[in-house]
Amino acid sequence: MAAVRKHKRVAAAQPGFLPIKSSLDGNSSVIKRRKRVNKNKKKSWNRFSDIQDVEEFLDDVRLQERATGGLIAEKTDDTLFFVDTGETDEKDTQEQTTVKKGKHSKPLRIDLILQPDSHIQAPKNVLAFQQPNAKKQRRISERAAKLAAMGVLPRREKLLQLRSAAAASGLSVKEHPVANNNPDRAFYDLWSAGTPETADPYYLEQTKKKLVKRPDRLNEKPSVLPAVEVIAPGGSYNPDFFSHQDLLREAHEVELKKQKAEEKLARQLAVNEDKATEESTFKEQVEGLIEEEEIEPQEPEGDTEDTVMGPTATQEKKTEKQRKKEKAQRIKDLQRKVERQVIDKQQQLFQLRSISASVKKQEQRTEMRQAQRKVQQEAQKSMPRRLGRLKFQTPDLDVQLSDELASSLRSLKPEGSILKDRFKSLQKRNIIEPRERARFNRKYKLKYSEKRAFREIE
Amino acid sequence: MGGLQKKKYESGSATNYISRNKARKKLSLSLADFRRLCILKGIYPHEPKHKKKVNKGSTAPRTFYLLKDIRFLLHEPIVGKFREYKIFVRKLRKAYGKAEWSGVQRMKENKPAYKLDHIIKERYPTFIDAVRDVDDALSMCFLFSTFARTGKCHVQTIQLCRRLGVEWMNYIIASRSLRKVFLSIKGIYYQAEVLGQTITWIIPYQFAHDHPTDVDYRVMATFTELYTTLLGFVNFRLYQTLNLVYPPKLDGQGEFSLKSECEEDYALESESYSEKLAALSASLARTVPSVEDEEAELDHFPAEGLNTKKKKKKKKKKKNKKLFEGLKFFLNREVPRESLAFVIRCFGGEVSWDKSLCIGSTYDETDETITHHIVDRPTIDKQYINRYYIQPQWVYDCVNGKILLPVEEYFLGVTLPPHLSPFVEESEGDYVPPEKLKLLALQKGEKPPEEDEEEEEEEDDEDDEEEDDQSEDEDEAEDEASLAEMEEKRAQGKSLSVKVTPGKVKPENRMRTEQEEKAEEKRLAIMMMKKREKYLYDKIMFGKKRHVREANKLAAKRKAHDDANKPDKKKKKKKC
């Protein structure tokens, strides 16, 4: 800017410079009396120095630039003047072309008015052209170019290349994990010795990817029962007569037991037999009325007797004599007891045999009990445990009665459900706890109402 | 007395256990997820010894877990997956609610899934552990594979179960390890010996399903999820041990491709291969061509007695494995095809069925070389002369008896002998049904004491000469077997018939004296018993005798029953 201004001034100072407003020159020649002021402050400089001539000059320069696009003094003669050679035919030809173009090419007057008439270009908005983070991005791109020159590709590029390569070969690179129930899933040798530890154990441990060792205790089975219990020989489709009878008897006994339990429950829950008859209801209604007179007089007597219950606080104090007597008695008793003990001890010497016998007996009893307990514990191992709210219910025995037995394999009607059998087996082996199907309980009663549309039809 | 007062329920069993709900909260899982996690990880609820202490004074029945177990569960990576899945479901539901179909699509593509491999490895550290525990897995897989695809569980699960079941059956066939079969009213029990482990499983009969309502299907599905993974890995390893290709491939593919014209009727092209595998009629391809087992066992040392015994056992086993070798079966359409095909192929027989019945039949009914035709109907119109028409029970009884039983009792329209359970092990003095006795006698190689049969055969003599020939052949075979048996007994030192030869007098005498001495000793010992011991001894002996007496009684009853039934039977037969 400074350079431009300087240039202008230089131009103005030249002898050939023509100011547009010549009148200004005349005014400037009038000399005023100078006022004396301090010049040590900037404020006063601005205030008292006369810069009008400079401003006027600059205004003039700006006007020239606006109007002609530059200083007139610097313009060549060709641009300022032209030689008038009279009218030419060109005008006609021009008119013809304009007419041909029609209304469309002619701009509206209002647009022309609004057109900027200055010859100076409007200054550009610098911010509109500025890029944010330009420096950073430039650096990044420089770095990328450098890496590319070295042959290192960015990750995105690499993945893209892989994907395109895979698409070309027909394989999918991104391994979608196969669902566990996919019928075409592949298997491999899980137990081969060379299962490679893919990474450094320390790394796995630190990144929490290392599997925790399974305690050996967990590999023990919760029951000693076999996984598949084979049905008794009577359960054959074409059974031996006796084994079939055995199975039937077993089933029968189970049924009997169940029935007995049911009967017992029914008995316990049975309502007392004497139901209300007309006679009894009448008696009940009348009860207070007839016998009242007889009962009433008895009541007060009973009351008086009842009130004299419990210990009374009126115990008499013991006398000195009594106390002494009691104490002597106590001491005597104690002495007798001690004496008796001493004698007993002496006598035990003679009872040695019986004592040893009793000791032996006791030992035997404990041994027997130990054995029993052991047997019980063994039996417990194959029993279903109580693992939850419900007890294990043994499923019904699958039995076909003699007349239900099929005559041939073709006409055999299978009994029971294997699914249920497996499920019960899992429960029996304490692998899952017995549960009930969750029942749906409606909290509030349903309210039925007819829809209005329906009602209207009726 | 110094020290702080101890508070109740702050140490001991009260702190060793944790209730289910607390455990659930500690893992921050829903109850269903917690249950699933416990099943997958093999954490079972525990019954505390002192419930009141554990329950902090309350006696309400609760489910308890060991706190250490729950702490162990905290480390499981699957827990995180469960939580992820929960979020996934929530997002999906939201997307559905807002009808953002593209979002739904994207989410479904990125559905979180978890793997159970590490759990299997953890729960079954060695392969043998896994094989030992495969019973449950097999039963469950076979059960699920028979389910209808109606939405009780995922169709994919059913398909996977079917695939694994077929793979297992094919392995059993290839390794010839089936031992016992039992047709019960519930389903078919099988027992096999795989790598020294006895494995029992049950397969339901086909089309026998009602869905019980008191079974928690979600729990069962979780078990199946675990078991399918286990069975898959076990199958892979088992196939490896036999040098079979996994996933299984049929051997001699060219032969099959020729016959593929009618396959379109059964299955889609994509499924026909697995269907053919499931037909169990063809053997599997091996990675290495199979080496004859015989060559491997050439170098044996006949010197030691113990060794020979073992060898005999081995020989017997081997013979059992080739029970049906050389026999050609044809299954009529009313018999349970899969079970029979499986059993027959397990013992080296060849099997086929009608082309229209199932895919994978290898020869037609008209084939002249068929030896046994299995039929389960009272009569059949067109009979070929050079084959036996028998009922399916024969196959199963043969397998259980480990010999080829005489076919007469299993002909068409004949009342079958009872199908005995092979899982019963009778101890000494128990009642043994006469059918089993007969079987045992047959196994030993003795001729069965059958008066009725002979009479009948005489009657039927004119009818079929062939059968007679066959029975003669059998007689010869039995004679040979009995000879072998006698020799065996002689080797063991038991006297068959009393022969007084100068050379053998002494050892026999020694034996007898030994026995006598033993008896005398026993008698003296009984005499010397104390009163209490004597009492116990008497009790034991009485119990034993009672056992025997009961068995005798049952036997007598049976005899009476049979005698009573015999005239009826004969009448019936004559009518026939």
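Residues numbered from 1 in each chain as written. Chains lettered and ligands numbered in written order. Predicted model: local features only at pLDDT ≥ 70, side-chain atom pairs only at ≥ 80, totals over all residues. Heavy atoms only, no water.

Let's talk about the pairing of strand 6 (residues 328-331) of chain B
A regular strand places its side chains so that they alternate between the two faces of the sheet.
Residue and element names in this part refer to chain B.
At step 1: Every second residue of strand 6 is oriented toward a common face, with Lys-328 and Phe-330 on one face and Phe-329 and Leu-331 on the other, all of them buried.
At step 2: Relative to strand 7 (residues 350-353), strand 6 is paired through four bridges, and the arrangement is parallel. Bridging from a neighbouring strand, Lys-328 pairs with Glu-350 of strand 7.
At step 3: In terms of strand pairing, strand 6 meets strand 8 (residues 372-374) through three bridges, oriented parallel. In the sheet register, Leu-331 faces strand 8, and the bridge partner there is Ile-374. (Buried < 20%, exposed > 50% of the residue type's maximum accessible area, 1.4 Å probe, protein only. Helix = DSSP H or I, 4+ residues; strand = E, 2+ residues; numbered from the N terminus. Pairing = 2+ DSSP bridges.)

Considering helix 6 (residues 77-97) of chain B
Residues and elements named next belong to chain B.
At step 1: The terminal C-alpha atoms of helix 6, which comprises 21 residues, lie 31 Å apart, in line with the 30 Å expected from a rise of 1.5 Å per residue.
At step 2: Along helix 6, the residues that are buried comprise Ile-78, Val-79, Phe-82, Phe-88, Leu-92 and Ala-95.
At step 3: Buried positions along helix 6 lie against helix 2 (20-27), helix 3 (31-41), helix 5 (67-74), helix 7 (101-109) and helix 8 (117-123).
At step 4: In the segment just after helix 6, Ala-99 is the residue with positive phi, at about 55°. (Expected span 1.5 Å × (residues − 1). Contact = heavy atoms within 4.5 Å.)

What about the interface of chain B and chain A?
At step 1: Opposite the 112 residues of chain B that make contact, chain A presents 73 residues.
At step 2: Overall, the association of chain B and chain A removes approximately 7700 Å² of surface from exposure, summing both partners, and the carbon and sulfur fraction of that is 62%.
At step 3: In terms of surface lost to chain A, no three residues of chain B exceed Tyr-44, Ile-185 and Lys-186 of chain B, which account for 11% of the buried area on that side.
At step 4: The interface formed by chain B and chain A holds 34 residue pairs in polar contact (both at pLDDT 80 or more) in total.
At step 5: When residues of the side of chain B that touches chain A are assigned to their parent elements, the largest contribution, 13 residues, is made by helix 12 (residues 217-241) of chain B.
At step 6: For the side of chain B that touches chain A, the residue count by class is 57 nonpolar, 24 polar and 31 charged. (Buried area = accessible area lost by both parts, 1.4 Å probe. Polar contact = N/O pair within 3.5 Å; in protein donor to acceptor, adjacent residues only side chain to side chain. Nonpolar A, V, L, I, M, F, W, Y, C, P; charged D, E, K, R; others polar.)

Regarding the UniProt feature "coiled-coil region" (unreviewed entry) in chain A
At step 1: The UniProt record marks residues 244-271 of chain A with the feature "coiled-coil region" (unreviewed entry), using the residue numbering of this structure.
At step 2: Secondary structure within residues 244-271 of chain A divides into 93% helix and 0% strand; the distance between the first and last C-alpha atoms comes to 42 Å. (UniProt positions renumbered as here; feature names shortened; annotations may be inferred.)

Some words on the packing of helix 17 (residues 418-428) of chain A against helix 10 (residues 134-145) of chain B
At step 1: For the pair helix 17 of chain A and helix 10 of chain B, the least separation of the axes is 10 Å and the interaxial angle reads 150°. Overall, the two elements helix 17 of chain A and helix 10 of chain B adopt an arrangement that is roughly antiparallel. The hand of the helix 17 of chain A/helix 10 of chain B crossing is left-handed. Here Ile-418, Leu-419, Arg-422 and Leu-426 of chain A of helix 17 of chain A come into contact with helix 10 of chain B, specifically with Asp-136, Ser-139, Met-140, Leu-143 and Phe-144 of chain B. (Axes fitted to C-alpha atoms, helices over the stretch in contact; angles between N-to-C directions. Parallel < 35°, antiparallel > 145°, perpendicular 65-115°, else oblique. Left-handed = near helix turned anticlockwise from the far one by under 90°.)

Description of the packing of aromatic side chains
At step 1: Tallied over the full model, the rule gives 27 aromatic pairs over all chains.
At step 2: Where Phe-187 of chain A meets Phe-233 of chain B, the ring centres are 5.3 Å apart and the plane angle is 80°; that geometry is what we call edge-to-face. Taken as a pair, Phe-187 of chain A in the loop between helix 10 (155-169) and helix 11 (201-206) and Phe-233 of chain B in helix 12 lie in two separate chains rather than in one. Summarising the burial analysis for this pair, Phe-187 of chain A and Phe-233 of chain B share the class buried.
At step 3: Seen from their ring centres, Phe-82 of chain B and Tyr-114 of chain B are 5.4 Å apart, and the 90° between their planes marks the pair as edge-to-face. Placement of the pair is Phe-82 of chain B in helix 6 and Tyr-114 of chain B in the loop between helix 7 and helix 8, with a sequence separation of 32 residues. (Phe/Tyr/Trp six-rings, centres within 6.5 Å; stacked < 30°, edge-to-face > 60°.)

Considering the confidence of the model for chain B
Residue and element names in this part refer to chain B.
At step 1: Mean pLDDT over chain B works out to 80, with 79% of the residues at or above the 70 mark.
At step 2: Within chain B, helix 20 (residues 451-460) has the poorest average pLDDT of any element, 40, and strand 2 (residues 64-66) the best, 95.
At step 3: Under a pLDDT of 50 for its full length, residues 448-479 has, in the predicted model, 23 contacts with residues more than four places off or in other chains.
At step 4: Across the predicted assembly, pTM comes out at 0.66 and ipTM at 0.76. (pLDDT = per-residue confidence, 0-100.)

Side note on the sheet that holds strand 5 (residues 197-204) of chain B
Residues and elements named next belong to chain B.
At step 1: One open sheet holds the three strands; their spatial order is 3-4-5, and the pairing between them is antiparallel. One side of each edge strand has no neighbouring strand; the edge strands of this open sheet are strand 3 (178-183) and strand 5. Averaged over all adjacent pairs, the angle separating strand axes in this sheet is 15°, with direction ignored.
At step 2: Against the sheet, helix 11 (residues 155-175) contacts strand 3, strand 4 (187-194) and strand 5, and its axis sits at roughly 55° relative to strand 4.

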